[in-house]
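Close look at the chain arrangement
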Amino acid sequence: ARKSALGLVDKATPKPQVYPAFLDLVKRQLLRDYEENDLRTEGLSIFTTLDPYAQHQAEQSLSDRLQKLEVKHGLDEGTLDGGLVMLSVGNAEVLAVVGGRRAQFQGFNRALDIRRPIGSLVKPAVFLAAIDSGYTLGSLISDAPVKVQGPDEDIWQPRNFSRESHGNVPLYQALASSYNQATARLGMTIGLDSVKRVIERSGVDRLFPQVPSMLLGSIDLSPLDVAALYHTYAAEGFYTKPLAIRAVETPSGDSLSRYPLETQRRFSAESVYQLNFALSLVMQEGTGKRAGLRGLAERRVSAGKTGTTNNLRDSWFSGYDGDRLLSVWLGRDDNGKTPLTGGTGALKVWADIMSRLPGRNLSMVKPQNLEYYWVDPKTGKASGENCIGARLVPYVKERRPLDKAACQWRENPVKHWWKKVWR
């Protein structure tokens, strides 16, 4: 067996193909309903969801950005690679798939076939589980160091990326700034069972161990898996399985199959609205604010989350505006270390692509049972627009803060971006 040839094709010999990564997904979805021989011989017409312009921009942006990152960090050409999936928000139609930096050549499809730890991309599920359990975005959680002893007496002791602690912080800040210690404490408080159920309800159908480290992303997923997960949040709590096919017809034009939109509400409108508010803060003032380097964050309200794994082996970003959701992974095929966080790698690819495409602001419909209230982030108590440091935060009305915080008055309150967008 060792002496046998692997059957690899030399890099110089493959011929460019049209959208091989996207067509790979189409073929896999077709094989659920048709025999492969029929697909090759019957002359069927397959109508897909591909957006050629978005696909072109995604391919070009990934290749260009990877080259720039390698030059910037002094890496050999070809060290980094990546994969991404773009969905249409609302119906989860697949608009683009890129399986690697050499997008026109068929090969290992990193958009569909990698299984990489997702890091902090899992955190929205933790906070959504907390909101469903009765927490509010203004609830305070300690970001002090946390230790958890496992059954084998090993100690799990997560640290913040900055190696700093931040005392008591409101939930929206802990998510926007991606504090590991606060997230771990929150997840352990509400229970691993609750968090695991939320992850599964969000769209993850792969097995993963129910251990404390799952709270910080020790779950192996592909970019397609991540896109399905985040689409549930972008679609206001409705889960829709991503589809790349609209219809199949015979050579004579008769319809064989239709692929209708099938959705299922997985979370309440109130809970997901609050989660999306916090994820929009990620883009404006949290770990995703680097997108503003291209002016995108200022021009278009969006939501998303960075993800970075141990030793910087994986750089993730998943985010969405009112039209499109895009999930990006960057890393090395040999699982080696990179110089990239989610914000310095995958987010840049995301911003490159989204800035080249037209789009609408993320604008969620506020449920009637929600209202905005001014809150003091240091105490979690009620505040006012003219109080220094006060933040406007959405609350379920019966959970709004009632106790009042001390107010340091100012004549001209700051006009915050979220006040006009989310009200």
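Below: a short report on this structure.

Criteria and thresholds
- Residues numbered from 1 in each chain as written.
- Predicted model: local features only at pLDDT ≥ 70, side-chain atom pairs only at ≥ 80, totals over all residues.
- Heavy atoms only, no water.
- Disulfide = S-S within 2.5 Å.
- Helix = DSSP H or I, 4+ residues; strand = E, 2+ residues; numbered from the N terminus.
- Buried < 20%, exposed > 50% of the residue type's maximum accessible area, 1.4 Å probe, protein only.
- Axes fitted to C-alpha atoms, helices over the stretch in contact; angles between N-to-C directions.
- Parallel < 35°, antiparallel > 145°, perpendicular 65-115°, else oblique.
- Contact = heavy atoms within 4.5 Å.
- Nonpolar A, V, L, I, M, F, W, Y, C, P; charged D, E, K, R; others polar.
- Salt bridge = Lys/Arg side-chain N within 4 Å of Asp/Glu carboxyl O.
- Core = buried A, V, L, I, M, F, W, Y, C linked by side-chain atoms within 4.5 Å.
- Phe/Tyr/Trp six-rings, centres within 6.5 Å; stacked < 30°, edge-to-face > 60°.
- Lys NZ or Arg CZ within 6 Å of the ring centre and 35° of its normal.
- Pairing = 2+ DSSP bridges.
- 1 Å grid on protein atoms, 1.4 Å probe; cavity = no way out; pocket = protein on both sides within 12 Å on 5 of 7 lines; lining within 4 Å.
- Points joined across faces, edges and corners; volume = space filled by probe spheres on them.

Here we come to the state of the cysteines. This model, assessed by the stated rule, comprises one disulfide. The side chain of Cys-387 participates in a disulfide bridge whose partner is Cys-407; the two sulfur atoms lie 2.0 Å from each other. Between Cys-387 and Cys-407 the disulfide shows an S-S torsion of about -110 degrees. By sign, it is left-handed. Of this pair, Cys-387 sits in the loop between strand 17 (370-375) and strand 18 (391-396) while Cys-407 sits in the loop between strand 18 and helix 12 (417-421), and the two are 20 residues apart along the sequence. Using a relative accessible area of 7% as the deciding quantity, one classes Cys-387 as buried. Using a relative accessible area of 41% as the deciding quantity, one classes Cys-407 as partly exposed.

This part covers the packing of helix 6 (residues 180-190) against helix 7 (residues 192-202). In the contact formed by helix 6 and helix 7, the axes pass within 5 Å of each other and the chain directions differ by 100 degrees. By the angle between their directions, the pair helix 6 and helix 7 is classed as roughly perpendicular. Where helix 6 approaches helix 7, its residues Gly-187, Met-188 and Ile-190 are matched on the opposing element by Leu-192, Ser-194 and Val-195. The class makeup of the residues in the contact of helix 6 with helix 7 is four nonpolar, two polar and no charged.

Before going further, it helps to spend a moment on the pattern of salt bridges. Where side chains of opposite charge bring their charged atoms close, a pairing between them can arise. Across all of its chains, the model carries 16 salt bridges by this definition. In this structure, Asp-314 engages Arg-116 in a salt bridge whose closest nitrogen and oxygen atoms are separated by 2.5 Å. Of the two residues, Asp-314 sits in strand 15 (residues 314-320) while Arg-116 sits in strand 4 (residues 116-117), which places them 198 residues apart along the sequence. The two residues Asp-314 and Arg-116 agree in class, both being buried. Two residues, Asp-323 and Arg-360, come together in a salt bridge whose shortest N-O distance is 2.8 Å.

The subject of this paragraph is the nonpolar core. Within the largest apolar cluster, 87 residues are counted, with the highest numbers of intra-cluster contacts made by Val-94, Val-195, Ile-199, Tyr-230, Tyr-233, Tyr-320 and Leu-325. A total of eight residues in this core trace back to one element, the largest contributor, which is helix 9 (residues 269-285). With near-sequence residues (within four places) excluded, Ile-199 lies in contact with Val-122, Ala-125, Val-204, Phe-208, Ile-219 and Leu-229. The next biggest cluster of nonpolar side chains, apart from the first, holds 26 residues, and it includes Leu-80, Met-86, Val-328 and Val-349.

On to the packing of aromatic side chains. Enumeration according to the criterion identifies five aromatic pairs in this entry. Measuring from ring centre to ring centre gives 5.7 Å for Tyr-230 and Tyr-233, while their planes differ by 70 degrees; the resulting arrangement is edge-to-face. Note that Tyr-230 and Tyr-233 are positioned in helix 8 (residues 223-234) at a spacing of three residues, about one turn of the helix. Classification of Tyr-230 as buried rests on a relative accessible area of 0%. Ring centres of Tyr-273 and Tyr-372 lie 6.5 Å apart, and the angle between their planes is 80 degrees; on these two criteria the pair is classed as edge-to-face. Of this pair, Tyr-273 sits in helix 9 while Tyr-372 sits in strand 17, and the two are 99 residues apart along the sequence. Three or more aromatic residues joined by ring pairs make a cluster, and in this case those are Tyr-273, Phe-277 and Tyr-372. In this structure, Arg-102 is placed above the aromatic ring of Phe-105, and the distance from its NZ or CZ to the ring centre is 4.4 Å. Stacked on the ring of Phe-208, the Lys or Arg Lys-196 has its end atom at 4.7 Å from the ring centre.

This part covers the sheet that holds strand 11 (residues 245-249). One open sheet accounts for three strands, arranged 1-11-12; its pairing is antiparallel. With partners counted over all chains shown, the strands left at the sheet margins are strand 1 (45-48) and strand 12 (255-258), one partner each. In this sheet, adjacent strand axes meet at a mean angle of 15 degrees when their direction is disregarded. Alignment of strand 1 against strand 11, held across four bridges, turns out to be antiparallel. Bridge pairing in strand 11 links Ser-45 to Glu-249.

Pairing is antiparallel across the open sheet formed by five strands, whose spatial order is 3-2-16-15-14. Only two strands of the sheet have a single neighbouring strand rather than two, namely strand 3 (94-98) and strand 14 (303-308). Here the average twist between neighbouring strands, direction ignored, is 5 degrees.

Size it by volume and the largest pocket reaches roughly 1,000 Å³. Every residue lining the largest pocket is counted, 42 residues in all, and those nearest its centre are Ser-120, Asn-160, Phe-161, Asn-180 and Thr-308. When residues of the lining of the largest pocket are traced back to their parent elements, those giving at least two are strand 4 and strand 14. The biggest single contributor to the lining of the largest pocket is strand 14, with four residues. Taken together, the residues of the lining of the largest pocket break down into eight nonpolar, 23 polar and 11 charged.

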